[in-house]
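Listed below are the residues making up each chain.
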Amino acid sequence: MRREEVALLAGVSSDYYIRLEQGRENSPSPQVVEAVAQALKLDAEAAGHLNRLCLTVSQRPRDRGEAGVGEKLLRLMDGWEHTPAFVVGPALDIMAANSLAEALHSGFGRFGNLARMVFADPAGREFYQEWERAAHSCVAEIRAAYGHDPESARIAGVVAELSARSEEFAALWQTHEVKSKSQESKHLKHPQVGDLYIECAAFTVNGAPHQQLVVYQAGAGAPVAGPAEDR
């Protein structure tokens, strides 16, 4: 859809819409933002992302810091002997993980950042059997986090690093796809265990909305990587 068509459907001038698109219009009304979202036929998540991007600095939540993972959550994860679990930050940094999650990702050079593992570690294409789906998800999740905190130096650093190292990441980042972590099925391949069919769920950590608890559960009859000492 051309800019002129979007502007017409949103009920604004083409010049105003261009300024808005280029970030030169800093305070659009909620009504204009909603009209643009409807003109672009955005879904609820993408429309929410657009609204967050249009907030002024003073309107954004102040506490976006990278606080550590709480002790109670760490103990909870360590007690899950048959459930891989880990906590990720906005830029998909691994902030904490239990031993089973570490064993599951033992084929990577480092279990440190999910996006880097997908795009920059050769093990990524072997581990994620649906690699393109994993790649799209990583980029869309970072884009969603960026909408909550456009001033994040960490997100900017990860995006700059991976854009320079991976043409695929750079191309996907330019699509502006937005998607938060949710429930989904994954087909993984562990270097020792082999094929794994896993159900994944992500939960926002209360008191730390910038953190997500990711929990894996094997599908019926599917194996899970063994303890860390069996690697």
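Residues numbered from 1 in each chain as written. Predicted model: local features only at pLDDT ≥ 70, side-chain atom pairs only at ≥ 80, totals over all residues. Heavy atoms only, no water.

A.B. asks: Please clarify how the overall build of the protein chain should be interpreted in this entry.
C.D. replies: A count of helical and extended segments in the protein chain gives eleven helices and five strands. Counting the 231 residues in the protein chain, one finds 45% classified as buried. Restricting the contact set of the protein chain to residue pairs at least 6 apart, pairs at least 24 apart contribute 51%. Roughly 12600 Å² of accessible area belongs to the protein chain as shown, and the carbon and sulfur atoms make up 50% of that amount. (Helix = DSSP H or I, 4+ residues; strand = E, 2+ residues; numbered from the N terminus. Buried < 20%, exposed > 50% of the residue type's maximum accessible area, 1.4 Å probe, protein only. Contact = heavy atoms within 4.5 Å. Areas by Shrake-Rupley, 256 points an atom, 1.4 Å probe, with all protein chains shown as cover.)

A.B. asks: Can you help me understand the packing of aromatic side chains in this one?
C.D. replies: Each aromatic ring pair is described using two quantities: the centre-to-centre distance and the angle formed by the ring planes. Enumeration according to the criterion identifies nine aromatic pairs in this entry. An angle of 80 degrees between the planes, with centres 5.5 Å apart, marks the rings of Phe-86 and Phe-111 as edge-to-face. With Phe-86 in strand S1 (residues 85-88) and Phe-111 in the loop between helix H6 (99-104) and helix H7 (114-119), this residue pair connects regions lying 25 residues apart in the sequence. Note on accessibility: Phe-86 and Phe-111 belong to one class, buried. Centre to centre, the rings of Phe-127 and Tyr-128 are 4.9 Å apart; their planes meet at 90 degrees, and the pair counts as edge-to-face. Accessibility assignment for this pair places Phe-127 and Tyr-128 in one class, buried. Through pairs of rings, three or more aromatic residues link up here, namely Phe-119, Trp-131, Tyr-146, Phe-169 and Trp-173. (Phe/Tyr/Trp six-rings, centres within 6.5 Å; stacked < 30°, edge-to-face > 60°.)

A.B. asks: Would you mind going over the side chain of Asp-121 with me for this structure?
C.D. replies: Among the secondary structure elements, Asp-121 is positioned in the loop between H7 and helix H8 (123-127). Engagement of the side chain of Asp-121 in a polar contact is seen with the backbone nitrogen of Ala-123, the distance being 2.9 Å. When neighbours within four sequence positions are excluded, Asp-121 is seen to be in contact with Phe-108, Gly-109, Arg-110 and Arg-116. (Polar contact = N/O pair within 3.5 Å; in protein donor to acceptor, adjacent residues only side chain to side chain.)

A.B. asks: Quick question: what am I supposed to make of the pattern of salt bridges here?
C.D. replies: Proximity of charged atoms lets side chains of opposite charge pair with each other. In total, this model carries eight salt bridges according to the counting rule given. Among the ionic pairs, Arg-116 bridges to Glu-161, the shortest N-O distance being 2.9 Å. Separated by 45 residues along the polypeptide, Arg-116 in helix H7 and Glu-161 in helix H10 (residues 153-165) bring together distant segments of the chain. For Glu-161, a relative accessible area of 24% translates into the label partly exposed. With its nearest N and O atoms 3.5 Å apart, the salt bridge here joins Glu-184 to Arg-133. In this pair, Glu-184 sits in strand S3 (residues 184-190) while Arg-133 sits in helix H9 (residues 131-148), placing the two residues 51 residues apart along the sequence. Where salt bridges share partners, they join Glu-130, Arg-133, Glu-184 and Lys-186 into one cluster. (Salt bridge = Lys/Arg side-chain N within 4 Å of Asp/Glu carboxyl O.)

A.B. asks: I would appreciate a short explanation of the nonpolar core in the present structure.
C.D. replies: General note: in soluble globular proteins, nonpolar side chains tend to be found buried as a group. One finds Phe-86, Leu-114, Phe-119, Tyr-128 and Ile-142 to be the most contacted residues of the largest nonpolar core, which totals 38 residues. In terms of residue count, H9 provides more of this core than any other element does, seven residues in total. Those residues in contact with Phe-86 that sit more than four places away from it in its chain are Met-77, Ile-94, Ala-96, Ala-97, Ala-101, His-105, Phe-111, Leu-114, Gln-212, Leu-213, Val-214 and Tyr-216. In this structure, Ala-7, Ala-10, Tyr-17 and Ala-35 belong to the second largest nonpolar core, which totals eleven residues. (Core = buried A, V, L, I, M, F, W, Y, C linked by side-chain atoms within 4.5 Å.)

A.B. asks: Just checking my understanding: could you explain H9 for this structure?
C.D. replies: Every α-helix carries 3.6 residues per turn, so stepping three or four residues along brings you back to the same face. Taking 1.5 Å as the rise per residue, H9 with 18 residues should run 26 Å; its terminal C-alpha atoms sit 26 Å apart, in good agreement. H9 sits mainly inside the fold: 13 of its 18 residues count as buried. (Expected span 1.5 Å × (residues − 1).)

A.B. asks: Please explain the pairing of strand S5 (residues 208-218) as it appears in this structure.
C.D. replies: Along any regular strand, the residues point their side chains to alternate faces of the sheet. With eight of eleven residues buried, S5 lies mostly within the body of the structure. The pairing of S1 with S5 spans four bridges and is classified as antiparallel. Paired with Val-88 across the bridge in S5 is Gln-212. Two elements, strand S4 (residues 194-205) and S5, share eight bridges in a ladder whose sense is antiparallel. (Pairing = 2+ DSSP bridges.)

A.B. asks: Explanation requested: the confidence of the model for the protein chain in the structure shown.
C.D. replies: Close reading of the predicted structure is inappropriate where its pLDDT is low. For the protein chain, per-residue confidence averages 85 on the pLDDT scale, and residues scoring 70 or more make up 88% of the total. Taken element by element, the protein chain is modelled with least confidence in helix H4 (residues 44-53), mean pLDDT 73, and with most confidence in H7, mean pLDDT 98. Here residues 225-231 scores under 50 on pLDDT; set against residues more than four positions off or in separate chains, the count is 16 contacts. (pLDDT = per-residue confidence, 0-100.)

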